[in-house]
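Next come the chains, spelled out residue by residue.
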Amino acid sequence: SASFTSLVAPTPRAAGPGPSMSKKGTYNTAFFNSFAVRIRGTEIRFGILVGTCPEDGQRDALFAAATPPQPQADGEEAVAPPKDVAALLKSSSGGAPFADWAVEHATQLRRLLPGGLEPCGCFAVVTEAAAKDLAAMLTPVLKGIPDALV
């Protein structure tokens, strides 16, 4: 049986007065405790969390789906994605921002998931200090995800 542990994750919000809200949920410790080790040495820096639909303000994050590199426009040379998540979120390919590509990835992922599961947030491979600076950049990606976890 899967092991689940509680977490509280800050949810990006539009700039303005007032405290940011935190959403509560659980995550599969067997999967996520070894997640960083499994992706070490890969180019994975960002992706979509998949979990249950929100119920009573809580949801369960079950697994993560890495967002693939943006497709290159015709005639555009393939370039390795930036290793820095902030640079990745600011990047574009063929004039399309990465944030738009991440939203499209979440949309396509939603179509593939069985009932009861949906994109429920995102993950970013960054230090804790750098994560605080990403909130504004994550807002467009998480716009269509209610009670998003980060």
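This text goes with the structure placed above it.
Residues numbered from 1 in each chain as written. Predicted model: local features only at pLDDT ≥ 70, side-chain atom pairs only at ≥ 80, totals over all residues. Heavy atoms only, no water.

**Section: the nonpolar core**
Part 1 of the argument: Counting residues in hydrophobic clusters, the biggest one holds 17 residues, and the most contacted among them are F46, L89, F98, L134, L138 and L142.
Part 2 of the argument: For this core, the elements supplying multiple residues, two or more each, are α3 (85–90), α4 (98–112) and α6 (135–142).
Part 3 of the argument: Contacts of L89, omitting those with residues within four sequence positions, involve F46, F98, A99, L134, M137 and L138.
Part 4 of the argument: Membership of the second largest hydrophobic core comes to nine residues, among which are F35, L49, A64 and L149. (Core = buried A, V, L, I, M, F, W, Y, C linked by side-chain atoms within 4.5 Å. Buried < 20%, exposed > 50% of the residue type's maximum accessible area, 1.4 Å probe, protein only. Helix = DSSP H or I, 4+ residues; strand = E, 2+ residues; numbered from the N terminus. Contact = heavy atoms within 4.5 Å.)

**What to know about α6**
Part 1 of the argument: If you check which residues of α6 are buried, you get M137, L138, V141 and L142. Buried positions in α6, seen along its axis, are confined to an arc of 130° and lie on one side of it.
Part 2 of the argument: Those residues of α6 that are buried lie in contact with β3 (46–52), α3, α4 and β7 (117–124). (Arc of directions from axis to C-beta.)

**Re the pairing of β7**
Part 1 of the argument: Among the eight residues of β7, six are classified as buried, and the element is accordingly described as predominantly covered.
Part 2 of the argument: When β3 meets β7, the two strands line up antiparallel, connected through seven bridges. Paired with F46 across the bridge in β7 is A124. (Pairing = 2+ DSSP bridges.)

Any link to function would need more than the numbers given here.
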